[in-house]
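Remarks on the overall topology
Residues per chain, in single letters:
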Amino acid sequence: MSFLSKIFGDANDRYIKELMPIVQKINSLEKEYEQLSDFQMKDKTDEFKKRLTAGETLDDILPEAFALVREAAKRTLKQRAFDVQLMGGIILHRGGIAEMRTGEGKTLVATFPIYLNALTGRGVHLVSVNDYLVRLHSTWMGQIYDALGLTIGCINHDSSFLYDSTHTNKLEELDEKRDELGSFKVIHEFMRPVTRREAYLADITYGTNNEYGFDYLRDNMAYSVDQMAQRPYHNYAIVDEVDSILIDEARTPLIISAPDQDSGDLYKTFSRVVPNLVENEDYNVDEKLKAVSITEKGIEKVEKTLNIKNIYDEGGVRFVHHLEQALKANVLFKRDRDYVVKDNEIVIVDEFTGRLMPGRRWSEGLHQAVEAKESVNVQKESRTLATITFQNYFRLYDKLGGMTGTAITSAEEFHKVYGLDVVMVPTNKTMIRKDQQDQIYKTEAGKFKNVAREIKERHEKGQPVLVGTVSIEKNEMLSAILEREGIPHKVLNAKNHEKEAEIIAQAGQVGAVTVATNMAGRGVDIILGGNPPDSEEQRKAREAGGLHVIGTERHEARRIDDQLRGRAGRQGDPGSSQFFVSTEDDLARVFGGDRLKSIMNRLGVGEDDVIENRFVSNAIQQAQAKIEGHNFG
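Residues numbered from 1 in each chain as written. Predicted model: local features only at pLDDT ≥ 70, side-chain atom pairs only at ≥ 80, totals over all residues. Heavy atoms only, no water.

To continue, consider the overall build of the protein chain. Per the secondary structure count, the protein chain includes 28 helices and 23 strands. The buried share among the 633 residues of the protein chain stands at 56%. With the model as given, the accessible surface of the protein chain reaches about 28,100 Å², and the carbon-plus-sulfur share is 48%. (Helix = DSSP H or I, 4+ residues; strand = E, 2+ residues; numbered from the N terminus. Buried < 20%, exposed > 50% of the residue type's maximum accessible area, 1.4 Å probe, protein only. Areas by Shrake-Rupley, 256 points an atom, 1.4 Å probe, with all protein chains shown as cover.)

Set out below in structure tokens:
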């Protein structure tokens, strides 16, 4: 602790202390609210609405509203919110970002401010990262709002629903199933298909950032109010995984476009020319800036191949543009890292979560250049009709709140861009996870060999292991090594969110080995011993050391690494984490890995030898900080 902090106290601690009287007020109402019948609880919602109309503010009724939601959650989910969850809810209601560790129950936290703000009748949006989580959370948490007399809409890519407990005639049986599996399995029977407009007119709407943004653009292109889906104003939104949406994807443009001219043949021509060019002779690559530039010698070689005298005279800017995009597609964009080929189409892979993003296309002809490179059908270029970035879309809301396990490293960006302050909420139980020093290897082959050895040792003593990789390609490479070693394991490649969530929910089972891309860090809790919990299995998993997380490479964003680490040690459980790094990894290589490798060679470090060096780890963290600054700058 610094000298000044000792005198004036920590600002975050002061803020948390200020919330305590409100939390105590909520707690003091618990006994009274336990006496209410189910009908009286719904009547409370009407009472609150009348009091707001009569001039009371949301802050005035906050303690009573939060106490009511806690009671509804006890009756429906069989979960009682902890005091720290109530604090998180107050922070979200005040338009702040609540940083809460993995496993602290953020999904339940959001229900408190959502219910309170929905009482105004102006609509509340919960923003999640994918369609599966939207369906999961609206059916799981929907029972709380339903018990209190509010309506819940759910927006997916090609469908929309309203939560409706009367939609099924097997209510009791399904309710039991949801109590047991609702944290990772969607019970679809509670969802009734409706129009998009009806889903948006519900008191509360769950959806993804993509769907909210695209619906906003479509509404702006509508000819009449009847064709619009969203309400005419943006009242209040809570963004789950706020760092991913408001920082990592902040400047990602959402684009609605129409087909334009067809240049398919040109893309194919240049995709055949580019592989003959030689790096550092015909073109130069700047990996830090992710840019590629063609040299004079390269231009001459292309002209000779195409049998033209001067590319600028005969093809103009258009030919040069096609050449640059073909070069970029060939050199900078790698299959099974940046994209996958699926059903004869190029599908982009989200670099931060490893999830596939169907429907998204790179702009300025880059997508067509990649299509030509992979010999799939080259689609027509498109003309932009409407566009907005996430940064600009979320600024439309009158009030915005967010929650994540990793926001403090981006606190400055959140404050400057969105006017949002980050508050770290203490954990319900003390965290005892052991974060071990990075292990650094000379080569990637040596690194993966030792990762496999580490997994085998821990698997044999019954410890559950979760391994995070940065790409589908590395995922499959490690899986092949584990197969050769005879280690049973599950592989997750972000291709089926629902099925994979069910697998990740079981990653805490005794002796389980789960290999996953970055999406493993998001959305679903890993409970020791498996899910639903079994006390005997939990005891065995704890005795084996709890969940051990292995990162096989440092990611560009520190938060992604922290999210992976955060899978272990939830709710005071034992657990550990460690990153394995090599000088050949992308991040290390771009930021001075060659220099480090030559030092290792001079010291006679072998392929299997490991270095645990704080200086190297710090250098990698500085590189991550530089890249994060670029995303926001």
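Don't stop here, the text continues.
Here we come to the packing of helix H2 (residues 11-28) against helix H6 (residues 83-93). Closest axis-to-axis distance for the H2/H6 pair is 9 Å, and the angle between their directions is 110 degrees. The orientation of H2 with respect to H6, classified from their angle, is roughly perpendicular. When the axes of H2 and H6 are compared, the crossing they make is right-handed. Here H2 contributes Tyr15, Ile16, Leu19, Met20, Ile22, Val23, Ile26 and Asn27 to the contact with H6, which in turn contributes Asp83, Leu86, Met87, Ile90 and Ile91. (Axes fitted to C-alpha atoms, helices over the stretch in contact; angles between N-to-C directions. Parallel < 35°, antiparallel > 145°, perpendicular 65-115°, else oblique. Left-handed = near helix turned anticlockwise from the far one by under 90°. Contact = heavy atoms within 4.5 Å.)

The next thing to look at is the sheet that holds strand S12 (residues 345-349). Reading across the sheet, the three strands line up as S11-S12-S13 and stay open at both edges, with antiparallel pairing between neighbours. Unpaired on one side and paired on the other, strand S11 (339-342) and strand S13 (356-357) mark the two borders of the sheet. (Pairing = 2+ DSSP bridges.)

A separate point is the pairing of strand S22 (residues 547-551). Counted residue by residue, S22 has five buried out of five residues, so it is predominantly covered. Burial along S22 is two-sided: Leu547, Val549 and Gly551 facing one way and His548 and Ile550 facing the other are all buried. Note: strand S19 (residues 465-468) against S22, four bridges, orientation parallel. Considered in S22, the bridge of Val467 is made with Ile550. Relative to strand S23 (residues 575-582), S22 is paired through five bridges, and the arrangement is parallel. From the neighbouring strand, Gly551 faces S23, where its bridge partner is Phe579. You can see the chain leave S22, run along helix H25 (residues 558-565) and come back into S23, and the turn it takes is right-handed. (Right-handed = clockwise from strand over helix to strand, strands pointing away.)

Here nine strands make up an open sheet; going across it, the order is S5-S4-S3-S6-S2-S7-S15-S1-S16 and the pairing mixed. Either end of the sheet is taken by a strand with one partner, and the two such strands are strand S5 (191-193) and strand S16 (422-424). When strand polarity is set aside, the average angle formed by the axes of neighbouring strands in this sheet is 20 degrees. Bridge count between strand S1 (residues 97-99) and S16: three bridges; the pairing is parallel. Looking across to S16, one finds that Ile97 is bridged to Val422.

Tracing the chain through its elements places Arg361 in the loop between S13 and helix H18 (366-373). What Arg361 contacts, discounting residues up to four positions off in sequence, is Ile348, His367, Gln368, Glu371 and Gln379. Side chain to side chain, Arg361 and Glu371 meet in a polar contact 3.0 Å long. In this structure the side chain of Arg361 is engaged in a polar contact, spanning 3.4 Å, whose partner is the side chain of Gln379. (Polar contact = N/O pair within 3.5 Å; in protein donor to acceptor, adjacent residues only side chain to side chain.)

This part takes up helix H20 (residues 411-418). Considered for burial, the residues of H20 that qualify are Glu413, Phe414, Val417 and Tyr418. The buried residues of H20 all sit within an arc of 100 degrees when viewed along its axis, so they share a single face. Gly419, located one to two residues past H20, shows a positive phi value of around 70 degrees. (Arc of directions from axis to C-beta.)

Inside soluble globular proteins, nonpolar side chains tend to come together where they are buried. Formed by 61 residues in total, the largest nonpolar core has its most connected members in Ile114, Tyr115, Ile144 and Tyr206. Ranked by residues supplied to this core, first place goes to helix H5 (residues 58-76) with ten residues. Excluding anything up to four places from it in sequence, Ile144 contacts Val69, Ala72, Ala73, Thr76, Leu77, Leu108 and Thr111. Counting 34 residues, the second-largest nonpolar core is a separate cluster that includes Ala199, Tyr212, Ala237 and Val422. (Core = buried A, V, L, I, M, F, W, Y, C linked by side-chain atoms within 4.5 Å.)

Turning our attention to the pattern of salt bridges. This structure, assessed with the given rule, holds 35 salt bridges. Put simply, Glu64 and Arg51 hold a salt bridge, and the shortest N to O gap is 2.9 Å. Separated by 13 residues along the polypeptide, Glu64 in helix H5 and Arg51 in helix H4 (residues 38-53) bring together distant segments of the chain. Glu64 sits in the buried class, given a relative accessible area of 19%. Between Arg539 and Glu543 there is a salt bridge whose closest N-O contact spans 2.8 Å. Remark: Glu543 and Arg539 occur in helix H24 (residues 535-543); sequence separation between them is four residues, near one turn of the helix. Among the ionic contacts, a cluster of salt bridges with common partners joins Glu30, Glu34, Asp38, Arg70, Glu71, Lys74, Arg75, Arg80 and Asp83. (Salt bridge = Lys/Arg side-chain N within 4 Å of Asp/Glu carboxyl O.)

Turning to the packing of H6 against helix H7 (residues 106-118), a few remarks are in order. As a packed pair, H6 and H7 sit with axes 8 Å apart at the nearest point and diverge in direction by 45 degrees. The orientation of H6 relative to H7 falls into the category oblique. Where H6 crosses over H7, the handedness of that crossing is right-handed. Across from Gln85, Leu86, Gly88, Gly89, Leu92 and His93 in H6, the residues of H7 making contact are Leu108, Val109, Ala110, Phe112, Pro113, Leu116 and Asn117. Of the residues that constitute the contact of H6 with H7, the class distribution is eight nonpolar, five polar and no charged. (Nonpolar A, V, L, I, M, F, W, Y, C, P; charged D, E, K, R; others polar.)

Glancing now at unusual backbone geometry. Positioned with a positive phi, Lys78 is a non-glycine residue whose angle comes to about 60 degrees. Looking at the secondary structure, you find Lys78 in the loop between H5 and H6. Given the relative accessible area of 58%, Lys78 is considered exposed.

This paragraph deals with the packing of aromatic side chains. Applying the stated criterion across every chain yields a total of twelve aromatic pairs. Here the aromatic residues Tyr216, Phe390, Tyr393, Phe394 and Tyr397 are joined through ring pairs into a cluster of three or more. Looking at Arg122, its charged tip hangs above the ring of Tyr233, at a distance of 4.2 Å from the centre. One residue, Lys447, lies across the ring of Phe448, its end atom 4.8 Å from the ring centre. (Phe/Tyr/Trp six-rings, centres within 6.5 Å; stacked < 30°, edge-to-face > 60°. Lys NZ or Arg CZ within 6 Å of the ring centre and 35° of its normal.)

Right, let's get into the confidence of the model for the protein chain. The predicted model of the protein chain averages 83 in pLDDT, with 84% of residues at 70 or higher. Across residues 1-9, confidence stays below pLDDT 50; counting only partners more than four residues off in sequence or on other chains, it has five contacts. (pLDDT = per-residue confidence, 0-100.)

A few words on H2. A rise of 1.5 Å per residue sets the reference length of H2, with its 18 residues, at 26 Å; its end C-alpha atoms lie 27 Å apart and thus fit the reference within 8%. Maximum bend of H2: about 30 degrees, positioned at Met20, with proline Pro21 one to four residues after it. For H2, the secondary structure elements touched by its buried residues are helix H3 (30-34), H5, H6 and S16. (Expected span 1.5 Å × (residues − 1). Bend = angle between axes of the 7 residues up to and from the residue.)

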